[in-house]
Amino acid sequence: MTVAVVLLATALVLVVALLAAVGAGKLARMDGASYPAALTRAGCAFVTVITLAAAVTTALHT
């Protein structure tokens, strides 16, 4: 049961991170940024969501 919850939470975090990255990339392109700049912003958004999830997990674990 615990493994299923961990896998479900991991999948949810990844989906949210991907959605945030797509949104950031789309907003960057709409703002007139070049493709490399939009990819950089999307990557930063993805990493930020993953880092936030890790920080929350660590805070709840301790």
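Our subject is the structure that appears above.
Residues numbered from 1 in each chain as written. Predicted model: local features only at pLDDT ≥ 70, side-chain atom pairs only at ≥ 80, totals over all residues. Heavy atoms only, no water.

Caption draft 1: Summary view of the overall build of the chain. For the chain, the helix and strand inventory stands at two helices and zero strands. Against the compact-globule benchmark of 11 Å for 62 residues, the chain has a radius of gyration of 14 Å, which places it well outside the compact range. Along the three orthogonal principal directions, the C-alpha set of the chain runs to about 45 × 20 × 15 Å. Split into buried and exposed, the 62 residues of the chain put 13% on the buried side. With the model as given, the accessible surface of the chain reaches about 4800 Å², and the carbon-plus-sulfur share is 79%. (Helix = DSSP H or I, 4+ residues; strand = E, 2+ residues; numbered from the N terminus. Rg over C-alpha atoms; globule rule 2.2 N^0.38 Å. Buried < 20%, exposed > 50% of the residue type's maximum accessible area, 1.4 Å probe, protein only. Areas by Shrake-Rupley, 256 points an atom, 1.4 Å probe, with all protein chains shown as cover.)

Caption draft 2: Geometry of helix α2 (residues 35-61). With 27 residues, α2 should reach 39 Å at 1.5 Å per residue; the first-to-last C-alpha distance of 39 Å fits that figure. Among the residues making up α2, those that are buried are Ala38, Ala42 and Ala45. (Expected span 1.5 Å × (residues − 1).)

Caption draft 3: Focus on the packing of helix α1 (residues 2-30) against α2. Viewed as axis vectors pointing N to C, α1 and α2 meet at an angle of 150°, and their least axial separation amounts to 8 Å. With respect to each other, α1 and α2 are oriented roughly antiparallel. As for the relative orientation of α1 and α2, their crossing is right-handed in sense. Seen from α1, the contacting residues are Val13, Leu14, Val16, Ala17, Leu18, Ala20, Ala21, Ala24, Gly25, Ala28 and Arg29; seen from α2, they are Tyr35, Ala38, Arg41, Ala42, Ala45, Phe46, Val49, Ile50 and Ala53. Looking at the contact of α1 with α2 residue by residue, the classes come out as 17 nonpolar, one polar and two charged. (Axes fitted to C-alpha atoms, helices over the stretch in contact; angles between N-to-C directions. Parallel < 35°, antiparallel > 145°, perpendicular 65-115°, else oblique. Left-handed = near helix turned anticlockwise from the far one by under 90°. Contact = heavy atoms within 4.5 Å. Nonpolar A, V, L, I, M, F, W, Y, C, P; charged D, E, K, R; others polar.)

Caption draft 4: Highlighting the environment of Ile50. Topologically, Ile50 is positioned in helix α2. Looking at Ile50, the relative accessible area reads 31%, which means it is partly exposed. Here Ile50 is in contact with Val13, Leu14 and Ala17, once residues within four sequence places are set aside.

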